[in-house]
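Architecture at a glance
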Amino acid sequence: GNLETLQAIPKEKGIDVRKELLSFHQVYYSSHIMKLAVLGKESLDTLETWVKEMFSNIPCKEIPSLSAGGEKPFTQEQKGHLVYLVPIKEVRRVKIIWPLGHS
């Protein structure tokens, strides 16, 4: 978010952003709906040990998984393809946009 979406708009609507975030965390912070990617030069055994030490205490609340709903960003036919692009200028940024359904 930005200053407008996290302060100005909620203030106009009487929304306490911190309270809403804490409420969301209380309900949806659950290990079974999280994903984790780990990359390191250490051995797989070491990485696994670290991950277990750091993340095993995250509670599993057995809540239904969240869904963004709406149209999926890619069809089955579009998945699994590697695309190579040749840049037209030296820029180290990528911007990927797809629509999400409104709740």
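Here is a short report on the structure shown in this document. This one's a predicted model, so the numbers in the text were calculated from it and none came from an experiment.

Rules behind the numbers
Residues numbered from 1 in each chain as written. Predicted model: local features only at pLDDT ≥ 70, side-chain atom pairs only at ≥ 80, totals over all residues. Heavy atoms only, no water. Patch = residues over 30% accessible without salt bridge, like charges linked within 9 Å, V, L, I, M, F, W, Y side chains within 5 Å. Areas by Shrake-Rupley, 256 points an atom, 1.4 Å probe, with all protein chains shown as cover. Salt bridge = Lys/Arg side-chain N within 4 Å of Asp/Glu carboxyl O. Helix = DSSP H or I, 4+ residues; strand = E, 2+ residues; numbered from the N terminus.

**A look at a nonpolar patch on the surface**
A contiguous nonpolar patch, built from Leu36, Val38, Trp50, Met54 and Phe55 and spanning about 490 Å² of accessible area, is present on the exposed surface. Mapped onto the elements, Phe55 comes out in helix 3 (residues 44-55).

**Re the pattern of salt bridges**
Considering all chains together, one arrives at 2 salt bridges under this definition. For Lys52, the salt bridge goes to Glu48, with nearest N and O atoms at 3.2 Å. Of this pair, Lys52 and Glu48 both sit in helix 3, 4 residues apart, which is roughly one turn of the helix. Where Arg92 meets Glu90, a salt bridge forms, and the shortest distance between an N and an O atom there is 3.3 Å.

**Considerations on unusual backbone geometry**
We note that Glu62 has phi near 55 degrees; this positive angle belongs to a residue other than glycine. Within the fold, Glu62 resides in the segment after helix 3.

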